[in-house]
Amino acid sequence: MADGKPWMVVPSIAALLISIVIVTLKFSGEPPIDTDILHALPLAEHDTVVAEAVTQATAAAGQQVTVVVRADDAALRERAARELTARLQATGYFTPRFEQGADIAKWLFANRNELLCPDDQRLLATGGGEAVGRDAVALVLIPGAPASGAVIAQDPFLLGYRLLRCLVPPSPATDTTATIISGRLDTSPYRIAVQDEFDQAITDWRREWSNKGVTLARSGAVFYAHAGAIRARQEISLIGGIGTVAIILLFWVIFQRMRAPALAVATVGAGILAGLATCLTVFETISVMTLVFGAALVGIADDYALHYMMTAFAVEPNIKTTRLRLIFRPLLTGMVTSVCGFLALALFTSPVLTQIAVFASAGLIASWAFAIGVLPLLDGGPRQAGGAATLFGRIAGALLAPRLSATSLGIGALVIVAIMLAGFSQLTIVDDVRALQRPPADLRQEEEQVKRLTGFQPHVQFLLTRGDSLESAKRAEEDALAWIEAHDGQARETLFLATTRFDPSERNRSQARDLLAARLFGPYLTDQARRLGIDPRAVGERNTQVDPSAAYPEALAALRGATADKQYLIVPLTAVESDWISARAKELPADVSVVDPVARYAAVLRGHRQLSLQAFGVAVAVCAVVVAVVYRRWSALKIIIPPAVAAVVACCALALVGFPFSFFSGIALLVVLGTGIDFAVFQYEYRDHTEHWMLTTISLEAVTTVISMGLLGLSQTMPVASFGLTVGVGVILSLMLSCIVRPLRRAAEIKNRGSGNIDVL
Amino acid sequence: MGNARHISREAQAFLGLIAFALALPHADAARSACPQPTDLVITDFSRRFVQTRHLEGLDTPLVSEGTVSLKGDVVDWHVENPFDIRTTIGPKGITQAIGGGEPRALQEGSGGGIASFTTALAALLRVDLYALRRDFNVAVAPSRSGDGWLATLKPLDEKLAALLGTVDIRGCQSVDQVTLSRPSGDYDQIDILPPSSSKAGGDAVGDGRR
């Protein structure tokens, strides 16, 4: 155990085995993968009621599913629609709207003596009780009317039915060739198992019905999430696959033995396993975006293996401890600064960024430990470099160790300043959440069809009412709805999904109870009972029964919530209603406001984009402190210049080609700093005959990082592409700029020797 | 006396045979007078009806009567007693006007689920078994009394079946009686009176027994 760092061997292998067990256990059931891209957004919201309500409203909206079945033959269409409904229900995740309606109908029936429609309120107030009774009889006499004797005996005025007709709008109108299936998912649409089963149900249905001329159009987050998940899986396979293959080939070509890529893969694998296991231990599920970003870890983790194996060309044979000593300090410095860079992501309150920080930090530490602990045991001794390695070394030497005069440095600086100025002038910024996704064209078209056929308008905003108690929140919502209805006659139909319409405050319940007793039951109940053939003596008691055991409908439960000290209620709004109400927001009661989650997310993203730049500044300072502590020289601080400048120039260069700057570009700056600093550290460290191989190593390091991370730029998901391009360009620039570290170091050393100053902290 | 009894038995048997022989042509005639439901072509009509709803928990059946008119695929169900109710059922939905007032919409479109029976009423009155088979399992058999046919409908949709139960249609040249038997124990009987019937009185109401 004289080779390597023996004290690292046992912990490395133990951590690896534990990671394998954790990952195997976690993936033995349903994959614990979250595909909700909105989880990449920061949680920062100072108002906890708004934060909770936004999360709740977004989740509820995401659970809505609408499918339109079309065919000219009505009988065929109805059969196809019936079968599709059955298939979706068979997944165990879907509740059709008519079943949700049944829950609400039961609730209304149970509460019929304390609820009143506004129309009925007016009707009863003006003496229309007799008409209510005749309506009930007329309904019962419709051939095939489903009113049962049990219902009529308890509710001779059919008030439950009246409430249902009044409070729940009819199914959306369709043309004569379409049947609508709408409903709600009983779980998150972002669960992969749910998406897969839903997709399978629809694929099976299409296989049976599409050749009969029946078509289908879908609308719902579950379909978009599934498309996104498929895309993410493809991207993970593509980026991770190409990255891995390219790195294996590179290692094989450079080291000319199959053991080299195997060791590199083992080093990377140790990192990915540890990252995954740590994430799955800390978090319940892991975001698909974390996995995509995690695929890029390949490009950094393999650097540790690369550095170690490269030392085989730089030292005398069979002296492994010397090999490790050559790289231990820079490798440790590089790892610590990289981990610091990634951990800075956790400063943002985005769940996904926190996961990436945990994943990358644990992964990098594990890969580093594996490289310095286990690799020396498995790698062979020093050897002569082959032709490919020698050629690569010469190219790297030419590119990274040029003779830099003051003039060439000055010209380089001018070019950089010019790029920065031009880039800043062209810089555009994207904070809009909607730009995060580019949904597939076929799904967009289908959603347009659904909108056209159903008149469906998505509820993107909501009315938020809060109170110290549920009763006060209900009263505030009732006052707000009354105010809105007074100004907009259509509001009652469009704003039907409000808690207080179905479950009013005690104040309104009491009013309804009194009105029904005085204007309906008192004067007309006996006559109505006789008309329907019921014993008038028994009906009074049954009629006034309220069933306290009626379950609260899930659709209504989704509209209310509570924080530590507040109760709140949500009324979903379409964009049209929201605009109209927002324009008069000042007239709304104090505890009522219109909330636009998209605008709030954009504002939060804007704030965090600005914060990412501040974090970049902080990370630069932290790295400077780490470097200063490790090297104990002022001149070592020049190590920070190349990655810091490269990060800024990368953003400017991308702006020049029209790529906007976003929050995700901002976090990429931290990664550029974390990875780019390695190049500068090694350039600073080496000053003897091993330099040649050091340059080869950091060049290869940059190549592998760009292959893996730069490929993220191919992603169809804007945050991933933005991150990948910024990192890819930034890393290349970091490598190129790292060549200024040695001239600057030498200049400092010459200056210190001449002046007699001591460059020691 | 014994001889007389013997003759009497022979005579009885003979008479029985004669009676059977005489009865045969009548039975054939009755069957031949009732075409198969699939062969029926029922044009638009307007006939009196009496509906009796037997509902559990209600002390007396709910009886209503009036005129049912079928025009194309629209049914005009006009109750005149106990009071004026005009219900129009068609592909565009269901509307109802009470006491000669303005019709109000009860349902938009033909829809499925609970409205299947109501919206299938036109097909039912026309004995359009092809159309009825979209929503129901249909079984046709001769009626027990031998004077017509009986079509039994069971909803294909399980939820609707649990609510609606079974629909029996009895008739000969047209629909004469419709009985809805619900799992809850409730049952409705609708007698569609012959075109020649005068305005039905209380006696025309079925006794409600199945």
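Since this is a predicted model, take the numbers as computed values, not measurements.

Draft legend 1. Layout of the packing of helix H28 (residues 641-656) of chain A against helix H31 (residues 718-737) of chain A. Residues and elements named next belong to chain A. Contact pair H28 / H31: the axes reach a minimum separation of 8 Å and the direction vectors enclose 135 degrees. Considered as vectors, H28 and H31 are oriented oblique to each other. Crossing angle aside, the handedness with which H28 passes H31 is right-handed. Contact residues: H28 offers Pro642, Pro643, Val645, Ala646, Val649, Ala650, Cys651 and Leu654, while H31 offers Leu725, Thr726, Val729, Gly730, Leu733, Ser734 and Leu737. In terms of residue class, the contact of H28 with H31 is built from 12 nonpolar, three polar and no charged.

Draft legend 2. Molecular detail of the nonpolar core. If you look at the biggest cluster of nonpolar residues, it comprises 90 residues, and the most contacted ones within it are Phe255(A) and Ile639(A). For this core, the element with the most residues is helix H29 (residues 663-685) of chain A, which contributes 15 residues.

Draft legend 3. Fine view of the confidence of the model for chain B. Residues and elements named next belong to chain B. The predicted model of chain B averages 76 in pLDDT, with 72% of residues at 70 or higher. In this model residues 13-31 is a low-confidence stretch, pLDDT under 50, and it forms one contact with partners more than four residues away in sequence or in other chains. In this model, residues 198-210 is a region of pLDDT below 50 whose contacts with residues beyond four sequence positions or in other chains number 25 contacts.

Draft legend 4. Layout of the environment of Thr717(A). Along the chain, Thr717(A) falls in the loop between helix H30 (691-710) and H31. Each C-alpha atom of the pair Thr717(A) and Glu235(A) lies 9.7 Å from the other, and the pair is 482 residues apart in sequence.

Draft legend 5. Spotlight on helix H19 (residues 441-454) of chain A. Residues and elements named next belong to chain A. Relative to the 20 Å expected for 14 residues at 1.5 Å per residue, H19 spans 20 Å between its end C-alpha atoms, a close match to the ideal helical length. Along H19, the residues classified as buried are Leu443, Glu446, Val450, Leu453 and Thr454. The buried side chains of H19 occupy one side of the element, clustering within an arc of 90 degrees when seen end-on. In H19, those exposed residues whose orientation departs by more than 90 degrees from the buried face are Gln445 and Arg452. Considering only its buried residues, H19 is in contact with strand S2 (64-70), strand S4 (178-185), helix H9 (192-209), strand S5 (215-220) and helix H10 (221-255).

Draft legend 6. The arrangement of the interface of chain B and chain A in detail. In this complex, chain B contributes 37 residues to the contact, which on the side of chain A involves 30 residues. Summed over both partners, the interface of chain B with chain A buries about 2,800 Å², with 58% contributed by carbon and sulfur atoms. Remark: the boundary between chain B and chain A carries two salt bridges. One salt bridge in this structure joins Arg104(B) and Asp135(A), with 3.5 Å as the shortest N-O distance. Taken together, chain B and chain A are joined by 12 residue pairs in polar contact (both at pLDDT 80 or more). Among the residues making up the side of chain B that touches chain A, the classes are represented as 19 nonpolar, eight polar and 10 charged.

Draft legend 7. The arrangement of the layout of surface pockets in detail. Residue and element names in this part refer to chain A. Its volume calculated, the second largest pocket comes out at about 720 Å³. Around the second largest pocket, the lining comprises 29 residues; the ones closest to its centre are Leu733, Leu735, Met736, Leu737 and Cys739. Within the residue set of the lining of the second largest pocket, elements represented by two or more residues are helix H17 (387-400), helix H18 (406-426), H28, H30 and H31. Here the lining of the second largest pocket gets seven residues from one element, more than from any other, and that element is H18. The class makeup of the residues in the lining of the second largest pocket is 26 nonpolar, three polar and no charged.

Draft legend 8. Quick look at the packing of aromatic side chains. Going through the model one piece at a time under the given rule, you end up with 11 aromatic pairs over all chains. On the basis of an interplanar angle of 80 degrees and a centroid distance of 5.0 Å, the ring pair of Trp107(A) and Tyr552(A) is categorised as edge-to-face. On the criterion of sequence distance, the pair formed by Trp107(A) in helix H4 (residues 97-110) and Tyr552(A) in the loop between helix H24 (536-543) and helix H25 (554-557) is long-range, its members being 445 residues apart. The partly exposed category is assigned to Tyr552(A), whose relative accessible area is 23%. Clustering of aromatic rings is evident, with ring pairs tying together Phe94(A), Phe198(A) and Phe223(A). The residue whose ring lies beneath Arg560(A) is Tyr552(A), and the NZ or CZ to ring-centre distance is 4.4 Å. Positioned over the ring face of Phe45(B) is Arg47(B), at 5.7 Å from the centre of the ring.

Draft legend 9. Spatial organisation of the sheet that holds strand S3 (residues 94-96) of chain A. Residues and elements named next belong to chain A. An order of S3-S4-S2-S5 is seen for the four strands of this open sheet, with the pairing classed as antiparallel. Both edges of this open sheet fall to S3 and S5, since each of them pairs with a single strand only. Shown here is a sheet whose adjacent strand axes are inclined to one another by a mean of 30 degrees, direction ignored. Here S3 pairs with S4 via three bridges, running antiparallel. Bridge pairing links Pro96 to Gly183 in S4. Helix-sheet contacts for helix H3 (residues 74-90) involve S2, S3, S4 and S5, and the interaxial angle to S4 is about 10 degrees.

Draft legend 10. Looking closely at the pattern of salt bridges. Residue and element names in this part refer to chain A. For the structure shown, the criterion picks out 33 salt bridges over all chains. Here Arg475 and Glu471 are joined by a salt bridge, their closest N and O atoms 3.1 Å apart. Highlighted residues: Arg475 and Glu471, both in helix H20 (residues 470-487), separated by four residues, approximately one helical turn. Given a relative accessible area of 35%, Arg475 falls into the partly exposed group. On the basis of relative accessible area, Glu471 is assigned to the partly exposed category, the value being 24%.

Draft legend 11. Representation of the environment of Val626(A) within the structure. Residues and elements named next belong to chain A. Examined against the element boundaries, Val626 turns out to sit in helix H27 (residues 597-631). Residue Val626 is classed as buried on the basis of its relative accessible area of 17%. In this structure the C-alpha to C-alpha distance between Val626 and Leu637, which are 11 residues apart in sequence, comes to 9.5 Å. Leave out the neighbours within four places in its chain, and Val626 touches Val336 and Thr337.

Draft legend 12. Representation of the state of the cysteines in the model. All names here are of chain B. What the rule picks out here adds up to two disulfides over all chains. The disulfide bridge from Cys34 ends at Cys172, spanning 2.0 Å between sulfur atoms. Here the S-S torsion is close to -105 degrees, and the disulfide linking Cys34 with Cys172 is therefore left-handed. In this pair, Cys34 is assigned in the loop between helix H1 (2-33) and strand S1 (45-54) and Cys172 in the loop between strand S9 (166-171) and strand S10 (175-181), connecting sequence segments 138 residues apart.

Conventions used here
- Residues numbered from 1 in each chain as written.
- Chains lettered and ligands numbered in written order.
- Predicted model: local features only at pLDDT ≥ 70, side-chain atom pairs only at ≥ 80, totals over all residues.
- Heavy atoms only, no water.
- Axes fitted to C-alpha atoms, helices over the stretch in contact; angles between N-to-C directions.
- Helix = DSSP H or I, 4+ residues; strand = E, 2+ residues; numbered from the N terminus.
- Parallel < 35°, antiparallel > 145°, perpendicular 65-115°, else oblique.
- Left-handed = near helix turned anticlockwise from the far one by under 90°.
- Contact = heavy atoms within 4.5 Å.
- Nonpolar A, V, L, I, M, F, W, Y, C, P; charged D, E, K, R; others polar.
- Core = buried A, V, L, I, M, F, W, Y, C linked by side-chain atoms within 4.5 Å.
- Buried < 20%, exposed > 50% of the residue type's maximum accessible area, 1.4 Å probe, protein only.
- pLDDT = per-residue confidence, 0-100.
- Expected span 1.5 Å × (residues − 1).
- Arc of directions from axis to C-beta.
- Buried area = accessible area lost by both parts, 1.4 Å probe.
- Salt bridge = Lys/Arg side-chain N within 4 Å of Asp/Glu carboxyl O.
- Polar contact = N/O pair within 3.5 Å; in protein donor to acceptor, adjacent residues only side chain to side chain.
- 1 Å grid on protein atoms, 1.4 Å probe; cavity = no way out; pocket = protein on both sides within 12 Å on 5 of 7 lines; lining within 4 Å.
- Points joined across faces, edges and corners; volume = space filled by probe spheres on them.
- Phe/Tyr/Trp six-rings, centres within 6.5 Å; stacked < 30°, edge-to-face > 60°.
- Lys NZ or Arg CZ within 6 Å of the ring centre and 35° of its normal.
- Pairing = 2+ DSSP bridges.
- Disulfide = S-S within 2.5 Å.

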